[in-house]
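# Observations on the three-dimensional arrangement
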Amino acid sequence: MGAVVSSYHAPYSRGDCSVSSVKVNLKGWLNVKKQIAGLAAKSVRVGVFSNERHPDSDYSDAELAALHEYGSPKGMIPERSFLRSTLERKDVQERVTKLMGKVSGQVAAGKTSVTEALGVLGEVLADEVKETLEQNKTSGPPLAPETVERKQSDTKLVDTGRLVDKVGWVIK
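The present account deals with the structure reproduced in this document. None of the values given here were measured: they were computed from a predicted structure.

## Thoughts on the overall build of the chain
Counting its secondary structure elements, the chain contains seven helices and four strands. Here the chain holds 172 residues, and 31% of them are scored as buried. Taking the intrachain contacts of the chain between residues at least 6 apart in sequence as the baseline, contacts between residues at least 24 apart amount to 55%. Accessible area of the chain: about 11400 Å², with a carbon and sulfur share of 54%.

See below:
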């Protein structure tokens, strides 16, 4: 991979003057350019993509996730971000930035495909979001006392684990 440069001296030379030739093979670099263009053309998205109806609601899983992420328009459900709050955490940003550098290098070196690299990023980010939910690191106010009593837990957004299970990633 990379440019192959070779040079040789022609059999003819006179004094301190010689004839030489340089041959450059850019095939490897063209592949790198193609791979990097592939990275720029695709993206990975992390979230809840299920349009399946939640069993305890008239909303789909994705609609309920958005409702919790942003809160209800009338303020009946407070904003309890689990997606944005995960991605805004400095430790997550540092980990993902380091991973992006690593997988970008692997793509450029031809060791992995763009799709595989984005899949690695998607999996790591989805796991971070799931951990945010499971570790009760979501933003927003604490649960109301009556909700804690009903749930027998003060963990926000986790009753049955359905929301955690629905967090995933897609490549676009």
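## Side note on the nonpolar core
With eleven residues, the main nonpolar core is built from V48, A65, F82, L83, A126, V129, L133, L157, L163, V164 and V167. If you tally residues by element for this core, the top one is helix 5 (residues 114-134), at three residues. Residues within four places of V48 in sequence aside, it is in contact with D61, A62, A65, F82, L163, K166 and V167. With ten residues, the next largest nonpolar core counts V92, V96, A117 and L125 among its residues.

## Examining the packing of helix 4 (residues 90-108) against helix 5
Their axes nearest at 9 Å, the elements helix 4 and helix 5 cross at an angle of 165°. What the angle tells us is that helix 4 and helix 5 run roughly antiparallel. Helix 5 is crossed by helix 4, and the crossing has right-handed handedness. Between helix 4 and helix 5, the residues in contact are V92, R95, V96, L99, M100, V103 and V107 and V114, A117, V120, L121, V124, L125 and E128, respectively. Residue classes in the contact of helix 4 with helix 5 are distributed as twelve nonpolar, no polar and two charged.

Cut-off values and rules
Residues numbered from 1 in each chain as written. Predicted model: local features only at pLDDT ≥ 70, side-chain atom pairs only at ≥ 80, totals over all residues. Heavy atoms only, no water. Helix = DSSP H or I, 4+ residues; strand = E, 2+ residues; numbered from the N terminus. Buried < 20%, exposed > 50% of the residue type's maximum accessible area, 1.4 Å probe, protein only. Contact = heavy atoms within 4.5 Å. Areas by Shrake-Rupley, 256 points an atom, 1.4 Å probe, with all protein chains shown as cover. Core = buried A, V, L, I, M, F, W, Y, C linked by side-chain atoms within 4.5 Å. Axes fitted to C-alpha atoms, helices over the stretch in contact; angles between N-to-C directions. Parallel < 35°, antiparallel > 145°, perpendicular 65-115°, else oblique. Left-handed = near helix turned anticlockwise from the far one by under 90°. Nonpolar A, V, L, I, M, F, W, Y, C, P; charged D, E, K, R; others polar.

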